[in-house]
There are 2 protein chains.
Amino acid sequence: MATRTRTKTHRTERRTDALSRERIIAAAIEILDAGGENALTVRALAAHLATGSGAIYWHVADKGELLAAATDAVIARVMGEIVSGAKPREAIRAVALGVFDAIDVHPWVGAQLFREPWRPAMLEIIESVGGRLQALGVPEAAQFDSASAVVHYILGVAGQNAANARSHTPDTDRSAFLASVAAQWAALDPARYPFVRQMAAQLRDHDDRAQFLAGVDLILAGIETVR
Amino acid sequence: MATRTRTKTHRTERRTDALSRERIIAAAIEILDAGGENALTVRALAAHLATGSGAIYWHVADKGELLAAATDAVIARVMGEIVSGAKPREAIRAVALGVFDAIDVHPWVGAQLFREPWRPAMLEIIESVGGRLQALGVPEAAQFDSASAVVHYILGVAGQNAANARSHTPDTDRSAFLASVAAQWAALDPARYPFVRQMAAQLRDHDDRAQFLAGVDLILAGIETVR
DNA sequence: AGTTGACTGGAACATCGTTCCATTCTATTG
DNA sequence: CAATAGAATGGAACGATGTTCCAGTCAACT
């Protein structure tokens, strides 16, 4: 009802830059990438497309549907780039890294992936990981739990990254942000937080991406012990 | 500036049910538990406390601070209940389950934990997990990555649970919701989603809590391979 | 008694998502 | 070819939200 119903006859475009669900989603992605989640308002979108809000709501039901569609589009693009011929273990790492990098570029994807799982984007990830686990020889009884563990871990890092990206508006002061958190950690009460204090030094100059991959390897190692 | 500055002299309460940061946070938790995240509006909170919004903003800076404080309160309570004498492995499982159960009862905690990490609540979790990993004999070089993996996994499940709780308003139709997702999964194209299709049957009647714990064990097993 | 300042309550503001509707334009019909 | 139906548009308007502002209140101190 909210989508365009093209009856049977050919239909020429009303104007050269006619609105369409695809154009709206593309514009939404642009705005989200440029200014983050808060920047995507219906008014900003309408201005960006030189139209009114009513026109947008004719093509899209919700703002939620818009965010979901934008997320699906980004994740589908990432998943399409995974080479299917690679060895299972490498493929899983590639999928995980693909999602990680996608969220690094589009932090809002992390938040959305988190807000509404059970959607096409998540399905792609589960299928991609789960299929490779089967190829790895994980016994059937452990496949569900194993895939769930990997996906939930990816999801957890996704959210963390999205939150971090929200904390430091551009991306230049990322190291400054990390240093600030590290300083806070280092200043904690040694009696109450001995571990966190010890980690403060490592936190300052650790590589998110490498640590993420280390976690994936850790889980894969754990899965292999079940075999 | 936004918090009450109590100079040096003693100060008797203005009225028996005087407002205070603690009372406001407690009321916020009540509203959140009763109606979910959307139910917590400043107006609803003011009505619940029989006051105006201005009075609330005198004690609390933001709605964000309110949510963060409520989350910290819930998590701190959970962490306080962990028996410190247990064996490290059991203690980690207890911490994980504590967080899981807390989010099961207060789904909004999951969303908030996700939205703003690097807060007291998260510190408690990291410290609690990390300290036990040290006790487990995890080599120092692997401690940071290992703790990060466990915490991110917990975080991922937390968000998932919160999202699920948002999908089915009460808690009775949880099985109906799972059945619905399972049906969707079963109806997928077998060529494109063979793995997800196979998991559909298990999804219908799996135990979230048991699966969560299985994931924790999986990661712990992986961590032990590094030792 | 008067003054100070912590504290309150509610009106008011800006912004958001969403709905509604008069209007435009194209493709079809008579 | 004129008329009509309906897809598509643009913007005004509505209700709700977070937040700010401010005139007032009350208790403790001078």
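Figured I'd write up the structure that's included with this text. (Residues numbered from 1 in each chain as written. Chains lettered and ligands numbered in written order. Predicted model: local features only at pLDDT ≥ 70, side-chain atom pairs only at ≥ 80, totals over all residues. Heavy atoms only, no water.)

### A closer look at the overall build of chain A
Here is step 1 of the chain: The number of helices and strands found in chain A is eleven helices and zero strands.
Here is step 2 of the chain: Tracing chain A from N to C terminus, the helices and strands come up as α-α-α-α-α-α-α-α-α-α-α.
Here is step 3 of the chain: Overall, the C-alpha framework of chain A stretches about 70 × 45 × 25 Å when taken along its three principal axes.
Here is step 4 of the chain: Here chain A holds 227 residues, and the buried ones make up 48% of them.
Here is step 5 of the chain: For chain A, contacts bridging at least 24 residues in sequence account for 69% of all contacts bridging at least 6.
Here is step 6 of the chain: With the model as given, the accessible surface of chain A reaches about 10,900 Å², and the carbon-plus-sulfur share is 53%.
Here is step 7 of the chain: Looking at charge distribution, chain A has the averaged site of its 24 positive side-chain charges lying 6 Å from that of its 26 negative ones. (Helix = DSSP H or I, 4+ residues; strand = E, 2+ residues; numbered from the N terminus. Buried < 20%, exposed > 50% of the residue type's maximum accessible area, 1.4 Å probe, protein only. Contact = heavy atoms within 4.5 Å. Areas by Shrake-Rupley, 256 points an atom, 1.4 Å probe, with all protein chains shown as cover. Lys, Arg positive; Asp, Glu negative; His and termini not counted. Charge placed at Lys NZ, Arg CZ, Asp CG, Glu CD.)

### A word on helix α4 (residues 63-80) of chain B
Residues and elements named next belong to chain B.
Here is step 1 of the chain: For α4, built from 18 residues, the straight-helix expectation of 26 Å at 1.5 Å per residue is met to within 8% by its first-to-last C-alpha distance of 26 Å.
Here is step 2 of the chain: If you check which residues of α4 are buried, you get L66, L67, A68, A69, A70, T71, D72, V74, I75, V78 and M79.
Here is step 3 of the chain: Check the buried side of α4 and you find it contacts α1 (21-35), α2 (42-48), α5 (88-105), α6 (107-115) and α7 (120-135). (Expected span 1.5 Å × (residues − 1).)

### Examining the interface of chain A and chain B
Here is step 1 of the chain: Counting from both sides, the interface comprises 54 residues of chain A and, opposite them, 54 residues of chain B.
Here is step 2 of the chain: When chain A packs against chain B, the two sides together hide about 4,900 Å² of surface, and 67% of this comes from carbon and sulfur.
Here is step 3 of the chain: Three residues, A:W118, A:F144 and A:F195, lead the burial of chain A against chain B; their summed loss comes to 18% of the area buried on that side.
Here is step 4 of the chain: Our count for the contact surface shared by chain A and chain B stands at two salt bridges. (Buried area = accessible area lost by both parts, 1.4 Å probe. Salt bridge = Lys/Arg side-chain N within 4 Å of Asp/Glu carboxyl O.)

### Here's the deal with the relation of the copies chain A and chain B
Here is step 1 of the chain: Superposition of chain A onto chain B requires a rotation of 180° combined with a translation of 0.0 Å along the rotation axis, giving an RMSD of 0.1 Å. Viewed as a symmetry operation, the transformation between the two copies matches a two-fold axis.
Here is step 2 of the chain: Both copies present the same face, since 100% of the interface residues in chain A are matched by interface residues at the equivalent positions in chain B. (Least-squares fit on C-alpha atoms with pLDDT ≥ 70 in both.)

### Some thoughts on the side chain of A:R132
All names here are of chain A.
Here is step 1 of the chain: Here R132 shows up in helix α7 (residues 120-135).
Here is step 2 of the chain: Buried R132, no salt bridge; nearest opposite-charge side chain is E127, N-O distance 8.1 Å.
Here is step 3 of the chain: When near neighbours in sequence (up to four residues on either side) are disregarded, R132 contacts I82, V83, S84, P88, A91, I92 and V95.

### Here's the deal with the side chain of B:S146
Here is step 1 of the chain: Structurally, the position occupied by B:S146 is in helix α8 (residues 140-167).
Here is step 2 of the chain: Classification of B:S146 by relative accessible area gives buried; the value is 1%.
Here is step 3 of the chain: Beyond its immediate sequence surroundings of up to four residues, B:S146 is in contact with A:L218, B:L133, B:V138 and B:I223.

### Thoughts on helix α10 (residues 194-204) of chain B
Here is step 1 of the chain: Those residues of α10(B) not exposed but buried are B:F195, B:V196, B:M199, B:A200 and B:L203. Here the buried residues of α10(B) occupy an arc of 150° about the axis, which is enough to place them on one side.
Here is step 2 of the chain: Buried residues belonging to α10(B) abut α7 and α8 (140-167) of chain A together with α9 (174-186) of chain B. (Arc of directions from axis to C-beta.)

### Points about the pattern of salt bridges
All names here are of chain A.
Here is step 1 of the chain: Inspection of the entire model under this criterion finds 19 salt bridges over all chains.
Here is step 2 of the chain: The salt bridge partner of E37 is R166, with a shortest N-O separation of 3.4 Å. Of this pair, E37 sits in the loop between α1 (21-35) and α2 (42-48) while R166 sits in helix α8, placing them 129 residues apart in sequence.
Here is step 3 of the chain: The class for E37 is partly exposed, based on a relative accessible area of 22%.
Here is step 4 of the chain: A salt bridge links D101 to R209; its shortest N-O distance comes to 2.7 Å. Note that D101 is positioned in helix α5 (residues 88-105) and R209 in helix α11 (residues 208-226), a separation of 108 residues in sequence.
Here is step 5 of the chain: For D101, a relative accessible area of 26% translates into the label partly exposed.
Here is step 6 of the chain: What makes R209 partly exposed here is its relative accessible area of 36%.

Purely geometric stuff here, so don't read any function into it on its own.
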